[in-house]
Amino acid sequence: MHITEGVAPASVAAAGALLAAGGVALGLRAMKDEQIPRAALVASAIFVASLVIRLPLGPSSVHPVLNGLAGVLLGWAAMPAFLVALFLQALLFQFGGITTLGINTVTMGFPAVACYYLFSRRIRESKKGREAFLLGVAAGVTALTLSFVLWAGSLILSGKQLAIIVKLSLLPHLAIVTIEGIFTGFIVGFLARVYPKAFEMPHIIKTRSDP
Amino acid sequence: MNEKGNLLDIQGVSFRHTAQQPVLEDVNLTIRHGERVGLVGAIGSGKTTLLHMIVGLLKPNQGQVEILGQTRSSERDFWEVRERVGLLFQDPDDQLFCPTVQEDIAFGPLNQGKNREQTERAVRNALSLVGMEGYEDRITHHLSGGEKRLVSLATVLAMEPDVLLLDEPENGLDPVSHERIRSLLLSLPQAMIVVSHNVEFLASVTTRCLRVEDGKLKEIVV
Amino acid sequence: MNEKGNLLDIQGVSFRHTAQQPVLEDVNLTIRHGERVGLVGAIGSGKTTLLHMIVGLLKPNQGQVEILGQTRSSERDFWEVRERVGLLFQDPDDQLFCPTVQEDIAFGPLNQGKNREQTERAVRNALSLVGMEGYEDRITHHLSGGEKRLVSLATVLAMEPDVLLLDEPENGLDPVSHERIRSLLLSLPQAMIVVSHNVEFLASVTTRCLRVEDGKLKEIVV
Amino acid sequence: MSCTTHFSGHTVVHRLDPRPRVVATLVFAVLIALSGHYRVLCSGVAVGAFLAMLSKLPIRPLAKRLLRLNLFMVVLFLLIPTTSPGEPMFRLLSVPFSHDGVHLAAGITLKANAILLVFTSLLGTVELSSLGHAFHHLHMPAKLTHLFMFTLRYLDVLHHEYVTLLRTMKARAFRPAMSVHTYRTYGYLMGMLLVRSLVRSERIMAAMKCRGFRGEFHAYHHFHFHQRDAVFCLTSAIVLMLFAFVEWISGGVAR
Ligand SMILES: Nc1ncnc2c1ncn2[C@@H]1O[C@H](COP(=O)(O)OP(=O)(O)OP(=O)(O)O)[C@@H](O)[C@H]1O
Ligand SMILES: Nc1ncnc2c1ncn2[C@@H]1O[C@H](COP(=O)(O)OP(=O)(O)OP(=O)(O)O)[C@@H](O)[C@H]1O
Ligand SMILES: [Mg+2]
Ligand SMILES: [Mg+2]
């Protein structure tokens with residue numbers, strides 16, 4: 001779900017860049033120095049997953065996006081993490097692009113942050129694996145749906161004629177969102193059982209002992 | 001199990017990971033049913049590579065691989081191989097990826113198409129074989145090194161393989177777990193290839209020994 | 001360097017990672033200046049834990065830690081310790097986190113407040129100590145296992161520590177790199193604690209040996 | 001196997017200081033994105049093609065990238081002109097292709113190709129860690145630069161871990177299919193990858209503390225600005241200003 005290079009006119013690209021800059025600035029403020037390795041490692045893991053994991057869907061397969069998961073694990077730090085990941089994707093694999101980097105960061109990052117507020121605490125407090133699984137499904141579905149809305153919005157703003165792409169991709173997206181939800185659910189369930197510390201941001205569990 | 005013919009017959013196999021120097025070069029290896037073969041060799045000599053090639057995780061650049069009486073080359077050919085040949089990985093951390101011990105051991109049998117009840121039985125059997133009853137609900141990630149190694153072996157045994165490929169099964173273990181693995185291997189009926197840096201250990205669990213050196217295999221006496 | 005008194009004095013220290021069984025229980029350990037101490041013990045017995053406690057990455061639940069002549073408890077107390085005690089991590093991939101070898105080695109000296117020129121000198125010295133001149137601009141994650149291990153050691157040496165804590169420095173190395181590490185350690189003047197599963201190796205580089213068992217430390221003869 | 005390789009080489013382009021390359025690429029991308037005139041867009045593609053030749057980009061990978069991009073563009077060409085209203089420019093199999101639609105699709109295609117070519121030849125040829133240093137010297141926030149460097153550093157490590165884990169699953173007779181078992185298995189695989197990453201991130205933080213890290217990053221790498229870099233700066237400034245000038249005298253925003 002990227003906006004490809006060249007598609008967005010200057011106004012949309014600029015708006016995206018501004019919003020992204022704001023979000024990334026907030027994210028950088030929220031991210032303590034101690035959290036940089038964590039944000040980077042989670043970003044790398046998700047980057048690798050979105051590149052190489054192919055979830056079978058009918059005769060074809062889809063790549064996971066995992067921005068809901070990123071949000072739940074990283075909070076606001078997901079914004080800079082996605083900026084970095086999307087830049088690398090554009091550079092190494094030509095997904096997205098540099099003029100659309102802002103829009104794509106917004107499209108991926110803001111839904112992630114929303115998921116942080118909506119689900120992170122609940123997952124932390126969930127007792128049973130099943131509950132964590134369902135919250136994970138909800139996070140995956142919510143994030144990807146929001147991303148779809150933002151993506152569709154920026155595409156239509158870029159040119160009314162482009163709305164046809166949105167229309168055509170509506171149905172496939174429903175399937176993709178479902179699979180993303182299930183996949184995220186299993187990951188969150190796994191983490192809740194094996195390593196519940198994953199959902200505690202380091203600055204929540206331990207601040208630097210000496211101020 | 002087809003008791004006639006060879007278990008494994010590798011002819012003129014070469015393998016290189018990248019553009020570099022080949023790891024294995026024109027290797028021949030024949031293993032008959034019921035044999036227990038030890039494999040030694042320096043670090044990076046290609047022992048792990050050889051085992052991975054046997055189950056089709058790596059494909060040779062050249063040569064022919066015949067396993068369980070059939071020539072294997074495509075990914076699909078190896079599906080049957082992987083159901084009948086159990087590979088224990090060098091690093092148990094690579095082998096255990098499910099949350100609990102139970103789920104991890106059940107993974108193989110489920111892939112083989114066993115039903116719930118058969119799978120449960122397989123899990124119980126495998127755990128009792130390695131002497132780890134009662135570990136069903138433990139989180140794999142929290143196990144100690146030795147426990148991980150034994151559970152990994154259980155995940156392999158649960159698939160009831162006809163052949164075992166064991167990559168340094170006793171590596172990094174303290175003496176107690178070491179002895180446990182040794183007696184377990186002696187008690188197992190399967191044919192096996194065992195990789196190890198520990199020659200005494202190999203001498204006690206295998207019937208013959210090979211050394212990987214400069215991309216070749218040589219019969220040695222231990 | 002204060003040559004009087006003890007380098008390290010640990011009294012009645014206990015540590016538990018989580019609610020579970022303590023890893024270390026009521027441990028006492030005294031190391032004098034200039035000593036070279038070997039540390040053995042089963043997997044998961046707490047060797048790494050002990051080293052991490054000495055540099056304050058883990059805080060004991062109980063007991064008193066005195067290092068370099070001062071009692072240490074707060075994070076700030078350990079800042080000085082970390083500048084003077086160099087810890088080599090068990091996994092070099094954790095230790096080398098900068099893109100190039102040069103930057104990685106420079107990371108410590110820069111944190112110590114050295115200027116550009118001093119840092120450059122420190123980088124060159126450290127590399128030549130481990131015999132890896134010319135590796136400055138290599139990308140750390142492209143190095144081989146043995147090279148990573150040696151560069152990790154260089155990052156520690158570049159800080160010119162008075163004491164070295166080495167967590168399995170020879171693990172997973174082939175005989176050649178192994179020998180290189182051994183002779184390097186013998187040539188270093190610092191006091192050190194060396195963790196290893198390889199008793200022969202320890203016997204050749206250390207002056208006395210301790211075993212971690214059931215949360216306790218015992219003096220052993222190797 | 002590596003997923004962080006750049007287009008290495010020894011051409012003039014590879015030897016240029018990365019800092020002006022970053023700036024030139026950005027300004028170029030913005031100008032092209034803003035442009036509404038075929039002459040600017042076509043010159044943009046030409047500049048891109050020239051730089052690609054100058055930096056001797058390997059043909060196959062480049063072709064693959066171009067192909068992937070332009071497959072999407074083909075879809076655009078078939079979709080947009082046939083569905084948007086307006087005067088038909090021509091008919092294909094009696095399907096009308098609207099004037100506006102064709103221009104829109106053509107504009108997008110040219111922009112995308114021009115930017116891709118310049119982006120790949122100027123930035124895709126920088127060793128990735130030097131790119132991080134360039135960002136640092138261009139005063140990008142320190143935390144962001146370090147996030148970038150750390151992400152790069154561990155991409156291949158994690159990719160390797162992923163490949164090994166996937167192998168063990170295959171060795172235990174796993175075959176992907178459209179089933180909950182498959183999704184669960186991949187979920188566990190990813191979960192395990194994350195657990196390892198999180199544990200590793202704690203060890204990295206510990207390693208940093210051991211080397212005196214107290215919440216402040218110090219830069220070490222430095223670039224040298226050569227004469228060829230000055231030439232590059234001057235040339236790009238002239239070319240970019242020329243683009244802006246042509247855009248301006250062409251007036252309007254009509255495509
Ligand atoms: N994925 C890979 N890509 C490139 N080279 C590899 C890869 N895996 C292994 N190699 C190289 O292939 C050679 C053989 O590796 P292999 O793992 O088979 O050795 P080994 O005999 O099992 O060694 P050890 O005793 O250390 O386990 C080594 O030089 C190794 O660096
Ligand atoms: N972060 C952690 N959280 C919980 N338990 C831990 C953690 N780190 C280590 N442990 C546990 O503490 C015990 C001691 O671990 P430690 O790493 O000190 O062992 P070790 O002697 O270094 O073993 P090895 O020889 O395998 O390196 C082990 O049982 C281990 O599982
Ligand atoms: Mg091996
Ligand atoms: Mg240890």
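Given the structure is predicted, the values throughout are model-derived calculations rather than measurements. (Residues numbered from 1 in each chain as written. Chains lettered and ligands numbered in written order. Predicted model: local features only at pLDDT ≥ 70, side-chain atom pairs only at ≥ 80, totals over all residues. Heavy atoms only, no water.)

Visitor: Is there a simple way to think about the site of ligand 2 in this case?
Guide: Residues and elements named next belong to chain C. Residues in contact with ligand 2 amount to 14 residues; listed here are only the nearest, G44, K47, T48, T49 and Q90. S45 is positioned such that a nitrogen or oxygen atom in its backbone is 3.2 Å from an oxygen atom of ligand 2. Protein chains bury 66% of the 640 Å² of accessible surface belonging to ligand 2 in isolation. Residues belonging to the shell around ligand 2 are distributed by class as follows: 3 nonpolar, 9 polar and 2 charged. (Near = heavy atom within 4 Å. Polar contact = N/O pair within 3.5 Å; in protein donor to acceptor, adjacent residues only side chain to side chain. Areas by Shrake-Rupley, 256 points an atom, 1.4 Å probe, with all protein chains shown as cover. Nonpolar A, V, L, I, M, F, W, Y, C, P; charged D, E, K, R; others polar.)

Visitor: Would you explain the coordination of the magnesium ion (ligand 3) in this entry?
Guide: Note on metal geometry: ideal angles are 109.5 degrees for four donors arranged tetrahedrally and 90 or 180 degrees for six donors arranged octahedrally. All names here are of chain B. Each protein donor to the magnesium ion (ligand 3) is listed here as T48 (OG1) and Q90 (OE1); together their distances run 1.9 to 2.2 Å. Pair noted here: T48 is in helix 1 (residues 47-54) and Q90 is in the loop between strand 6 (85-88) and helix 3 (92-95), with a separation of 42 residues, a long-range link. By relative accessible area, which is 23% here, T48 ends up partly exposed. Classification of Q90 as partly exposed rests on a relative accessible area of 32%. (Donors = N, O, S within 2.8 Å, 3.2 Å for Na, K, Ca; no water. Helix = DSSP H or I, 4+ residues; strand = E, 2+ residues; numbered from the N terminus. Buried < 20%, exposed > 50% of the residue type's maximum accessible area, 1.4 Å probe, protein only.)

Visitor: Before we go on, may I ask you to explain the interface of chain A and chain B in this structure?
Guide: Think of interface size as the accessible area that goes away when the parts come together; that is how it is often given. On the side of chain B, 8 residues touch chain A, which itself brings 4 residues to the contact. For the pair chain A and chain B, the two sides together bury roughly 460 Å², of which 64% comes from carbon and sulfur. The interface formed by chain A and chain B contains 1 salt bridge. For E103(B), the salt bridge is made with R193(A), and the minimal N-O distance between the two is 2.6 Å. At the surface where chain A touches chain B, the tally comes to 2 residue pairs in polar contact (both at pLDDT 80 or more). Counted by class, the side of chain A that touches chain B contains 3 nonpolar, no polar and 1 charged residues. (Contact = heavy atoms within 4.5 Å. Buried area = accessible area lost by both parts, 1.4 Å probe. Salt bridge = Lys/Arg side-chain N within 4 Å of Asp/Glu carboxyl O.)

Visitor: Looking at this structure, how should I read the site of ligand 1?
Guide: Residues and elements named next belong to chain B. In the vicinity of ligand 1, 14 residues are found, and the nearest of them are G44, K47, T48, T49 and Q90. Within the contact set of ligand 1, an oxygen atom lies 3.4 Å away from a side-chain nitrogen or oxygen of E168. The separation between an oxygen atom of ligand 1 and a polar side-chain atom of H197 is 3.2 Å. In the complex, the protein chains occlude 67% of the 630 Å² of accessible area that ligand 1 would expose alone.

Just distances and angles here, no functional claims.
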